[in-house]
There are 2 protein chains.
Amino acid sequence: MKTTKQKLIILGSGFASFSTLKNIDTNLYDVVVVSPRNHFLFTPLLPSTTVGTIEFRSIIEPVRTANKQATFYHAYCTRIDHTTNTITCKNALDGNEFSLHFDILVIGVGAISNTYGIPGVEQYALPLKELADARAIRQRIIENFERASTPGLPFEERKRLLHFVVVGGGPTGVEFAAELHDFLTEDLVDSYPAMVPDVNITLLEAGEQILNTFDAALSDYTLRNFQRQRISVRLKSQVTTVLEKELLLNDGSHVPYGLLVWSTGNTQTPLVQSLPFEKDRTSRLITDEFFHVKGFTHIYAYGDCATIEGQALPATSQVAQQEGNYLARSLNALAKNKPVQPFRYKHYGMLAYIGSNKALADLPQVKGKGFSTWLFWRSAYLTKLVRWKNKILVIFDWTKAFIFGRDASRF
Amino acid sequence: MKTTKQKLIILGSGFASFSTLKNIDTNLYDVVVVSPRNHFLFTPLLPSTTVGTIEFRSIIEPVRTANKQATFYHAYCTRIDHTTNTITCKNALDGNEFSLHFDILVIGVGAISNTYGIPGVEQYALPLKELADARAIRQRIIENFERASTPGLPFEERKRLLHFVVVGGGPTGVEFAAELHDFLTEDLVDSYPAMVPDVNITLLEAGEQILNTFDAALSDYTLRNFQRQRISVRLKSQVTTVLEKELLLNDGSHVPYGLLVWSTGNTQTPLVQSLPFEKDRTSRLITDEFFHVKGFTHIYAYGDCATIEGQALPATSQVAQQEGNYLARSLNALAKNKPVQPFRYKHYGMLAYIGSNKALADLPQVKGKGFSTWLFWRSAYLTKLVRWKNKILVIFDWTKAFIFGRDASRF
């Protein structure tokens, strides 16, 4: 006689949750996914989409067809009731509410961009976490070039429109600045030859170096590379206020800008902040090495919204993906009453693109930089891309950008 | 001694204006293009982009790089002063105003979607003339499926969300309905298997038949084809009012809808309506066979905003493209003091896609329909696509949709 399957609800569709979804055995569990995003996004290539090196649809995979036995709801979870084992959800499009019962709950809702309470950031800066963000940035770049081309515009206003500022010297900020530089020197120079001399790219970093999780020599190499590319890097620069057309720094200077991309740290979502479970001082859920939320054996948390007690893993896609794969295997084993080992992270290294066909590789065995590392960067990301479809699309996008250049149309 | 080049301003970037831009000799004229769209759009394939058979960027060509000697302003023309030969323009993005002087002016600003003054159309219906329209429609289709998937939704509300209504039985409306049908039966059925039985597509036409510019036998064939595809066609149905969730018809019936695509006739832009030149009763500018606006030898008008006196050419891309090519040749000849012949239209026939890999061809020599005509439809459009780049992209898109299906992600 077949027993009824346990109802497993997965919150989120990022690296952790999506890896679990792809590997969970739906013969063992009745799987439901709740997420305000109906696709998985391969975030390491997100900066490339802001300028059209890669198309938006090439780096996503739909949740609904990734595991056809699972049910998907395009919704936010707004409340978790651990006494009745129910969650309350709100459709992400029209706010219609509904409740779901779970036997096992997996919290993988990720994190949101941290504004650090700086006034004006939410209103005027553009984040870079989702495809819609990348599209908004791409539109704004072209719009500013078109606006700057208006005849009779005062010189200062043109300079402002063409000043592109990135806040945050982590991999996303650096890669966006690098992609923007390539777009400018390889493509926009054809469409807007008269504008290009007035363009400036500035990278603002509050700390003492950019890419501070990378080897110091690689960080310095990037800085020198950016100098050659005429990307201004301002270290120890903290933004204190963002206004509509300029931002203020802690040294008192006013910086007029045309586009402001905000790529600093993460903070927790309202859901995670509201949960009554034990958390660390940055509000992340504390779990054991099996991803059990403290005090519960049927509620799990991982990815950017959680932390394993006593371990300090970075908030990277690599960590989240390994966690997601582990949890699927672990849950599959548990349903068959097999023993489960604690999670162990294996670090494969870090990669970053820094423009002009150069990349960094900070691997456990070797530190690489330059053109050959860029080839490695491309092949590594191709290998990691989820489906064959995405690999083919990305190869085609790269070929297209190489042959035809990037498109600068606005629509 | 070289004489100074005449300043030629072209308004618009559609089939007529863009064809002139591509073929004008910039050694003879100082060319300026003013248009609120910085790309040319191959509109015959626009319905295919609403469901992702073809990607947005595959059917556009940037104005700025199409003719590198020309200057482009991303702006609307708001006023034409034929006494001082100046135009007033407004940047389409920020409203900044500027003026330009011309020696020769070409008005090719096209037309806008006609709401016929029916209340609610502007507010609730989606047009299908630009890429942004196609994107809005694509988003809405996916959104409605996601909203309809909310658990506990009343049956009537789900039916409403999944009722897709097209108003207007011309080629664009028919092709959109056909593409939507394909999307539904080939792709959405995988992502939303539980929803598909509740989906309805309705095509409303005020006249007595759909595709009334085509041969009657082809029009009837399409009607029978649509019946087999379970697309309801309601003839002699006039929309009297559009509300947020339902529309009212002249027979008194209320039709709840989830998406309403408005694809009826055209009307003239505010600029054309405001011009003091001679017009026909639908406000189109009246020109002679050389496209001179009546009474002027240095102001030309063509495409959907104009009509040649005594000739009744349809408002199609084929007509506009021939007019654009003619005017470039004509202006090139005039600058060299060569004689110019009046414009003669050559009709090559009409094509339309009607779903399930079937198409119509109404050619001067032959009437075709079905699968082999669909292959002809594809190859004809490939031949007509402006650049090699677009041809390659469209071939790739078709291949991608054939192998992987269409993407149903929302972002």
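Our structure's up above, just so we're on the same page.
A few points on the structure. Note that the coordinates shown come from a computational prediction; the quantities given were computed from them, not determined experimentally.

## Considering the overall build of chain A
Counting its regular elements, chain A contains 12 helices and 24 strands. Since a compact globule built from 411 residues should have a radius of gyration of about 22 Å, the 22 Å found for chain A is in line with a globular shape. Across its three principal directions, the C-alpha atoms of chain A cover 80 × 40 × 40 Å. Burial statistics for chain A: of 411 residues in total, 56% are counted as buried. In chain A, the share of contacts with a sequence separation of at least 24, taken over all contacts with a separation of at least 6, comes to 64%. Summed over its atoms, the accessible surface of chain A is roughly 17,000 Å², and 51% of this surface lies on carbon and sulfur atoms.

## A word on the packing of helix α12 (residues 388–404) of chain A against helix α12 (residues 388–404) of chain B
Here α12 of chain A crosses α12 of chain B at 180°, and the two axes come no closer than 12 Å. With respect to their mutual orientation, α12 of chain A and α12 of chain B come out roughly antiparallel. Across from K389, I392, L393, F396, K400 and F404 of chain A in α12 of chain A, the residues of α12 of chain B making contact are K389, I392, L393, F396, K400 and F404 of chain B. Of the residues that constitute the contact of α12 of chain A with α12 of chain B, the class distribution is eight nonpolar, no polar and four charged.

## Digging into the relation of the copies chain A and chain B
In the superposition of chain A on chain B (RMSD 0.0 Å, axial shift 0.0 Å), the rotation amounts to 180°. What we have between these two chains is a two-fold relation. For chain A, the smallest separation between a C-alpha atom and the rotation axis is recorded for F396 of chain A, amounting to 4.5 Å. Looking at chain A, 100% of its interface residues are interface residues in chain B too, so the copies touch through the same face.

## Points about the sheet that holds strand β15 (residues 246–249) of chain A
Residues and elements named next belong to chain A. Strand order in the open sheet made by the three strands is β14-β15-β16, with antiparallel pairing throughout. Two strands in the sheet have a free side with no partner beyond their single neighbour: β14 (239–242) and β16 (254–256). Averaged over all pairs of adjacent strands, the angle between strand axes in this sheet comes to 25°, irrespective of strand direction. As defined by bridge partners, β14 adjoins β15 across three bridges and the pair is classed as antiparallel. From the neighbouring strand, V242 faces β15, where its bridge partner is L247.

## Some points on the packing of aromatic side chains
Evaluated as defined, the whole model comprises 33 aromatic pairs over all chains. Measuring from ring centre to ring centre gives 5.3 Å for W377 of chain A and Y381 of chain A, while their planes differ by 50°; the resulting arrangement is tilted. A residue pair is termed a helical-turn pair when its members lie 3 or 4 positions apart in one helix, as W377 of chain A and Y381 of chain A do in helix α11 (residues 371–384) at four residues. Given the relative accessible area of 2%, W377 of chain A is considered buried. Relative to Y381 of chain B, the ring of F42 of chain B lies with its centre 5.9 Å away and its plane at 85°, an arrangement referred to as edge-to-face. Here F42 of chain B, found in the loop between β3 (39–41) and α2 (46–49), pairs with Y381 of chain B, found in helix α11 (residues 371–384); they are 339 residues apart in sequence, far enough to count as distant. Y381 of chain B matches F42 of chain B in its accessibility class, with the two residues each being buried. An aromatic cluster is defined as three or more aromatic residues linked by ring pairs; in this entry it consists of F15, F18, F40, F42, Y353, W377, Y381 and W398 of chain A.

## Things to note about helix α8 (residues 216–228) of chain A
All names here are of chain A. Between the first and last C-alpha of α8 there are 19 Å, a value that for 13 residues agrees with the 18 Å anticipated at 1.5 Å per step. Listed as buried for α8 are L218, S219, Y221, T222, N225 and F226. Projected down its long axis, α8 shows its buried positions confined to an angular sector of 160°, all on one face. The outward face of α8, more than 90 degrees from its buried face, is lined by the exposed residues Q227 and R228. Measuring from the side-chain oxygen of the N-cap residue of α8 to the backbone nitrogen of A217 gives 3.0 Å; that N-cap residue is D215. A positive phi of about 60° marks R230, the residue just after α8.

## Details of the interface of chain A and chain B
The interface of chain A with chain B comprises 46 residues on the first partner and 46 residues on the second. For the pair chain A and chain B, the summed buried surface comes to about 4,600 Å²; carbon and sulfur atoms form 58% of the total. Contact with chain B buries surface across chain A, with R57, R64 and F411 of chain A losing the most and accounting together for 18% of the total. Our enumeration of links across chain A and chain B arrives at 10 salt bridges. With its nearest N and O atoms 2.7 Å apart, the salt bridge here joins D407 of chain A to R57 of chain B. Viewed at the interface, chain B and chain A are joined by 14 residue pairs in polar contact (both at pLDDT 80 or more).

## Focus: the pattern of salt bridges
Within the structure shown, the criterion is met by 42 salt bridges over all chains. R147 of chain A serves as the salt-bridge partner of D94 of chain B, at 2.7 Å between the closest nitrogen and oxygen. Linking D94 of chain B in the loop between β6 (86–91) and β7 (97–101) with R147 of chain A in helix α5 (residues 131–148), this pair reaches from one chain into another. Judged by relative accessible area, which is 24%, D94 of chain B ranks as partly exposed. With a shortest N-O distance of 3.6 Å, D251 of chain A and R234 of chain A are connected by a salt bridge. In this pair, D251 of chain A sits in the loop between β15 and β16 while R234 of chain A sits in strand β13 (residues 231–234), placing the two residues 17 residues apart along the sequence. Classification of R234 of chain A as partly exposed rests on a relative accessible area of 30%. Through salt bridges with shared partners, a single network forms among E55, R138, K400 and D407 of chain A together with R57 of chain B.

Procedures and definitions
- Within every chain, residues take consecutive numbers counted from 1 along the sequence as written.
- All chains are assigned letters beginning with A, and all ligands numbers beginning with 1, in the order in which they are written.
- Only residues with pLDDT of at least 70 get local features here, since the model is predicted, and only at 80 or more are side-chain atom pairs given and counted; chain-wide, interface and lining totals rely on the full set of residues.
- Note: side-chain values were computed over all heavy atoms of the structure, leaving out hydrogens and water.
- Secondary structure elements follow DSSP: runs of H or I of four or more residues count as helices, runs of E of two or more count as strands, with numbering from the N terminus.
- Throughout, the radius of gyration refers to the C-alpha atoms, and the reference size of a globule is 2.2 Å times the residue count to the power 0.38.
- To sort residues, take the accessible area from a 1.4 Å probe on protein chains only and compare it with the maximum for the residue type: under 20% means buried, over 50% means exposed, and anything in between is partly exposed.
- Here, residues are in contact when the closest pair of their heavy atoms is within 4.5 Å.
- Methods summary: accessible areas were calculated by the Shrake-Rupley approach with a probe of 1.4 Å, and residue burial reflects only the protein chains presented.
- The axes used here are C-alpha line fits, helices contributing only the stretch in contact, and every angle between their N-to-C directions lies in the interval 0 to 180 degrees.
- With respect to orientation, any angle under 35 degrees is reported as roughly parallel, any angle over 145 as roughly antiparallel, any angle of 65 to 115 as roughly perpendicular, and every other angle as oblique.
- Under this grouping Gly is polar, as are all residues other than the nonpolar Ala, Val, Leu, Ile, Met, Phe, Trp, Tyr, Cys and Pro and the charged Asp, Glu, Lys and Arg.
- When the copies are superposed, the least-squares fit draws on C-alpha atoms of residues that have pLDDT of at least 70 in both.
- A pair of strands is labelled paired if DSSP reports no fewer than 2 bridges between them.
- Note on aromatic contacts: the rings of Phe and Tyr and the six-membered ring of Trp form a pair at centre separations within 6.5 Å, being stacked when their planes are under 30 degrees apart, edge-to-face when over 60 apart, and tilted otherwise.
- Take the residue count of a helix, subtract one, and multiply by 1.5 Å to get its expected span.
- Relevant arc is that of directions from the helix axis to the C-beta atoms, nothing else.
- In protein, a polar contact means a hydrogen-donor-capable atom and an acceptor-capable atom, both N or O and within 3.5 Å, with residues adjacent in sequence counting only if both atoms are side-chain atoms; elsewhere, any N or O pair within 3.5 Å suffices.
- Buried area is calculated as the accessible area (1.4 Å probe) missing from two parts once they are joined, with the contributions of both summed.
- Salt-bridge detection follows one rule: a side-chain nitrogen of Lys or Arg within 4 Å of a carboxyl oxygen of Asp or Glu.

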